[in-house]
Amino acid sequence: MAERLNELFAAVTWVDKQGRRREYSTPQVARAISDDPSHDTTVSRVYLATLRSGANTNPTVAVLKAIARFFDQRRAGDASPITASYFLDEDNESQEFRRQLADRQVRMIAMRAGNMTPAVRRQVLQMLDILDQPASGESTAENDGS
């Protein structure tokens, strides 16, 4: 949980008056969560710091939702939505899947594939396998540094 929370602090940033990207501080996040009128959850900076350090590992669902809401409202427009399940999902494969689905073109391809027959999907996968193969001579040039 602490690792994922710290990942959000590192990934979701703001721009200061000088145009520099900055991470949100623990007190900033705690204050914003506590001041958010859309819920009645409050979080102290000390409690949030214990979550970040791993000293506290059992926050309530309401706290997880409030933290997720804070970061989701400030994430980059092309980033995956941030929900409370982000903190609970231990599966790296699921994280990678969500990251890839954040790309609009990937979602469009997936949606179209869902409407195809199994035979057509197999053909598409075969075509993707062909497209994924390096062009002849490409790997040799990369390996010998030319």
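Caption draft 1: Focus on the nonpolar core. Ranked by internal contacts, the top residues of the largest apolar core, which has 22 residues, are Leu5, Val29, Ile33, Leu48, Ile67, Phe71 and Phe87. Elements supplying a minimum of two residues to this core: helix H1 (2–11), helix H2 (26–35), helix H3 (45–53), helix H4 (61–74) and helix H5 (85–88). Per-element tally for this core: the top contributor is H4, with 7 residues. In contact with Ile33, other than residues within four places in its own chain, are His39, Thr41, Val43, Ala66, Ile67 and Phe70.

Caption draft 2: Seen up close, the environment of Ala30. Position of Ala30 relative to the elements: it lies in helix H2. A C-alpha to C-alpha distance of 9.5 Å links Ala30 and Phe70, two positions 40 residues apart in sequence. Excluding residues that lie within four positions of it along the chain, Ala30 makes contacts with Val43, Ser44, Arg45 and Leu48.

Caption draft 3: Molecular detail of the packing of aromatic side chains. Inspection of every chain in the model, using the stated rule, returns 5 aromatic pairs. Aromatic pair Trp14 and Tyr24: ring centres 6.3 Å apart, planes at 40 degrees, arrangement tilted. Here Trp14 is found in strand E1 (residues 13–15), whereas its partner Tyr24 is found in the loop between strand E2 (21–23) and H2, with 10 residues between them in sequence. Ring geometry for Tyr86 against Phe87: centres 5.5 Å apart, planes inclined by 80 degrees, an arrangement best described as edge-to-face. Residue Tyr86 is classed as buried on the basis of its relative accessible area, which comes to 13%. The exposure class assigned to Phe87 is buried, which follows from its relative accessible area of 2%. Members of the aromatic cluster, each reached through a chain of ring pairs, are Phe9, Trp14, Tyr24, Phe70 and Phe71. Over the aromatic face of Phe9 sits the side chain of Arg52, whose NZ or CZ is 3.5 Å from the ring centroid.

What counts and how
Residues numbered from 1 in each chain as written. Predicted model: local features only at pLDDT ≥ 70, side-chain atom pairs only at ≥ 80, totals over all residues. Heavy atoms only, no water. Core = buried A, V, L, I, M, F, W, Y, C linked by side-chain atoms within 4.5 Å. Buried < 20%, exposed > 50% of the residue type's maximum accessible area, 1.4 Å probe, protein only. Helix = DSSP H or I, 4+ residues; strand = E, 2+ residues; numbered from the N terminus. Contact = heavy atoms within 4.5 Å. Phe/Tyr/Trp six-rings, centres within 6.5 Å; stacked < 30°, edge-to-face > 60°. Lys NZ or Arg CZ within 6 Å of the ring centre and 35° of its normal.

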